[in-house]
Amino acid sequence: MSKSLSLCVLALLVGCGGGHRNESPKPSPLLNVPIATPALAGSKVAVLPLTLLVPDTALAADTLLGVRAKVLPWADSLINESLTGRAPEVTWVGPPELRSASRRAAGLATDPDHLGHAVLRDPSLKVVPDPLRSQIRTLVALVDARYCLVPAAAVFLREGDAVKVDLSLVLVDARLGAPVWRSIASAAAATPAQALRAAMARVLPVEGVQ
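Residues numbered from 1 in each chain as written. Predicted model: local features only at pLDDT ≥ 70, side-chain atom pairs only at ≥ 80, totals over all residues. Heavy atoms only, no water.

**Focus: the overall build of the chain**
The number of helices and strands found in the chain is five helices and six strands. Going from N to C terminus, the chain has its helices and strands arranged as α-β-β-α-β-α-α-β-β-β-α. Taken over 210 residues, the chain has a buried fraction of 41%. Taking the contacts inside the chain whose residues are at least 6 apart along the sequence as the reference set, 67% of them involve residues at least 24 apart. Here the chain has roughly 11,400 Å² of accessible surface; of this, 58% comes from carbon and sulfur atoms. (Helix = DSSP H or I, 4+ residues; strand = E, 2+ residues; numbered from the N terminus. Buried < 20%, exposed > 50% of the residue type's maximum accessible area, 1.4 Å probe, protein only. Contact = heavy atoms within 4.5 Å. Areas by Shrake-Rupley, 256 points an atom, 1.4 Å probe, with all protein chains shown as cover.)

Quick look at the structure:
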């Protein structure tokens, strides 16, 4: 009887362990958290360029996603398109305007393509670290804004016949030097462009529109 009891206990332990291994990971609490654009209505918000975009190995040979010189401006363009199209109540000051402002203030402002803002993809950061903090504050002041939207990182994944994107977005209060909103805009679609547009739509919801 003792041997039988031991076997039963062993079976229960194995069963419990197996069940634990098969648990699906919990989704991030940051997944598709919408930005409260009404609170920013009438304000200027600077939008930094994306500097970190990584395709998985299944997409690394893609003629767009696998070429940094092509994919970064492409992503910036689609992000800006979504911002201006779905939240026109905010004056979005995009990467081209920030680059121009930086050139006009040569020696004072840092090139927005070389700020190192991809570090803000780390959700544990409660304060923007220096010197990034002062660099963002200076750049944002040049365009008469207070807030800065940071596309911190984008990851493209192959999921069956679809392409999925996870885009880390952070809204920074440049005066306080602190993130005030975070989200991971995520969606899957047939093409990278459709996936990125769908992801942006999830964090910029418009009532009655997908």
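**Points about the packing of aromatic side chains**
Per the counting criterion, the structure on display carries one aromatic pair. With a centroid separation of 6.2 Å and an interplanar angle of 50°, the aromatic rings of W74 and F156 are classed as tilted. On the criterion of sequence distance, the pair formed by W74 in helix 2 (residues 68-86) and F156 in strand 4 (residues 147-159) is long-range, its members being 82 residues apart. Taken individually, W74 and F156 each receive the classification buried, so the pair is uniform in this respect. (Phe/Tyr/Trp six-rings, centres within 6.5 Å; stacked < 30°, edge-to-face > 60°.)

**Looking at the nonpolar core**
The biggest cluster of nonpolar side chains holds 37 residues, and the ones touching the most others in it are L53, W74, L83, W92, L149, F156 and L167. At the level of elements, strand 1 (44-47), helix 2, strand 4, strand 5 (162-173), strand 6 (178-189) and helix 5 (192-203) are the ones that each hand at least two residues to this core. A per-element tally of this core places helix 2 first, with seven residues. Non-local contacts of L167, meaning those with residues more than four positions away in its chain, are made with L50, I79, P151, A153, A154, S183, I184, A185, L196 and M200. Grouped together as the second largest cluster of nonpolar side chains are 22 residues, L98, A109, L139 and V140 included. (Core = buried A, V, L, I, M, F, W, Y, C linked by side-chain atoms within 4.5 Å.)

**Remarks on the pairing of strand 4**
As defined by bridge partners, strand 1 adjoins strand 4 across three bridges and the pair is classed as parallel. Across the sheet, V45 pairs through a bridge with Y147, a residue of strand 4. The sheet contact formed by strand 2 (residues 53-55) and strand 4 spans three bridges and is parallel. When the sheet's bridge partners are listed, L53 is paired in strand 4 with A154. Where strand 4 and strand 5 come together, 12 bridges link them in antiparallel fashion. Its bridge partner being in strand 5, Y147 is matched across the sheet by D173. Hairpin connection of strand 4 to strand 5: two residues between the antiparallel strands, including G160 at a positive phi of 65°. (Pairing = 2+ DSSP bridges.)

**Some points on helix 5**
With 12 residues, helix 5 extends 17 Å from end C-alpha to end C-alpha; this agrees with the ideal 16 Å at 1.5 Å per step. Of the positions making up helix 5, those classed as buried are P192, A193, A195, L196, A199, M200, A201 and V203. Contacts from the buried residues of helix 5 go to helix 2, strand 4, strand 5 and strand 6. (Expected span 1.5 Å × (residues − 1).)

**Considerations on the pattern of salt bridges**
Tallying each qualifying case throughout the model produces five salt bridges. With a closest N to O distance of 3.9 Å, R99 and D76 form a salt bridge. Taken together, the residues R99 in helix 3 (residues 95-104) and D76 in helix 2 connect sequence positions 23 residues apart. Taking the relative accessible area as the measure of exposure, D76 reaches 11% and is therefore buried. R197 is the salt-bridge partner of E81, the closest N and O atoms lying 2.7 Å from each other. Of the two residues, E81 sits in helix 2 while R197 sits in helix 5, which places them 116 residues apart along the sequence. Using a relative accessible area of 37% as the deciding quantity, one classes R197 as partly exposed. Here the salt bridges share partners, and the residues they tie into one network are D76, R99 and D113. (Salt bridge = Lys/Arg side-chain N within 4 Å of Asp/Glu carboxyl O.)

Structural measurements only, silent on function.
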